[in-house]
Amino acid sequence: MMLCKVLVVGNAKCGKTSLIRRFSKDSFDSNYDTTVGVDFVRKDLEVSFPEQGRGGKAGGCECSSSAANVRMQLWDIAGQDRFAKLTRAYFRRAKAAAIVCDLTRKGTFEAVRQWKHEIDTWAGSGSEGGGAAGDNSAFAEDGRRDRRKLPVVLFANKSDLLEDTTASFLAGARMESVCRELGIVAWFVTSAKDGVNVEQGFRHLATLQELRRQCLRINAQIIGAQHDERMRSARELHCMRLEEQEQRLVEVEWDAPDLHKGRKRPKRLLPEEELAS
């Protein structure tokens, strides 16, 4: 079973804990309790994703559906600034992240940019707080080491409190624009109270992570095959050069006179000729 550590971040009172409780326990509690530092919940689920088949048709490919079991660790990160130094240490080895904002509070939406920066800084591979280099390492086109960013989704929570349809439309337009600008892979209008789009959002993250793991595995196989091919070519070239050197040694005649016996040294023979003589 694949383990997927997911960060759930956002400003205080956006409903992060309620979203996690709705997803993991399918329940909702209207009483607000501040998260002190960090808390986490686990949930096992099965995700389905398209998988390219081995066989293919001319001009296209055959695709099939595959399933994988994922154990999600949902890390509820406190949004208060006073916990910032404590909570950033828990960003390490994260595989994905969800940013939560409150549709009824504009300030929480404006804070999405800062939270995305925090995720890229503390959870991206190659950073001081990132995961293992062999896990998420990437290289830029010019060969320099690049920082691969985590897949991030945006949860616009508390949709049950919206009454103005125009405001909902404008909020959706802003979220689409910000997600494109910041590289957030998807956004969902959610309601922890009603359970709207909560499971869909977390399942989307799990599916993305599984697809990413599959891509890394395939890339590792390709790199390994390319390495084996280079090693095989190098061995073949080395053998060819050795054969050429041996051939040149066989064809050389030693013209230097033998000072002791007054005659020239004989031509060097092949091992087969030496055995025959």
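Rules behind the numbers
Residues numbered from 1 in each chain as written. Predicted model: local features only at pLDDT ≥ 70, side-chain atom pairs only at ≥ 80, totals over all residues. Heavy atoms only, no water. pLDDT = per-residue confidence, 0-100. Contact = heavy atoms within 4.5 Å. Phe/Tyr/Trp six-rings, centres within 6.5 Å; stacked < 30°, edge-to-face > 60°. Helix = DSSP H or I, 4+ residues; strand = E, 2+ residues; numbered from the N terminus. Buried < 20%, exposed > 50% of the residue type's maximum accessible area, 1.4 Å probe, protein only. Lys NZ or Arg CZ within 6 Å of the ring centre and 35° of its normal.

### Points about the confidence of the model for the chain
In this model, the chain carries a mean pLDDT of 76, and residues with pLDDT of at least 70 account for 73%. The low-confidence segment residues 53-62, where pLDDT is below 50, has eight contacts with residues more than four positions distant or belonging to other chains. This stretch, residues 126-147, has a pLDDT under 50; its non-local contacts, to residues over four places away or in other chains, come to 35 contacts.

### Comments concerning the packing of aromatic side chains
Taken as a whole and judged by the stated rule, the model has five aromatic pairs. For the pair Phe155 and Phe188, a centre-to-centre distance of 6.0 Å together with 75 degrees between the ring planes defines the contact as edge-to-face. Of this pair, Phe155 sits in strand 7 (residues 152-157) while Phe188 sits in strand 8 (residues 186-189), and the two are 33 residues apart along the sequence. On the numbers, 5.1 Å between centres and 85 degrees between planes, the contact of Phe155 with Phe202 is edge-to-face. With Phe155 in strand 7 and Phe202 in helix 7 (residues 198-251), this pair connects stretches of sequence that are 47 residues apart. Here Phe155 matches Phe202 in class, with each residue buried. Site record: aromatic cluster; members linked through ring pairs are Phe23, Phe155, Phe188 and Phe202. Here the basic side chain of Lys5 rests over the ring of Trp75, its NZ or CZ set 4.5 Å away from the ring centre. Here Lys43 stacks its cationic end above the ring of Phe23, 4.4 Å away from the centre of that ring.

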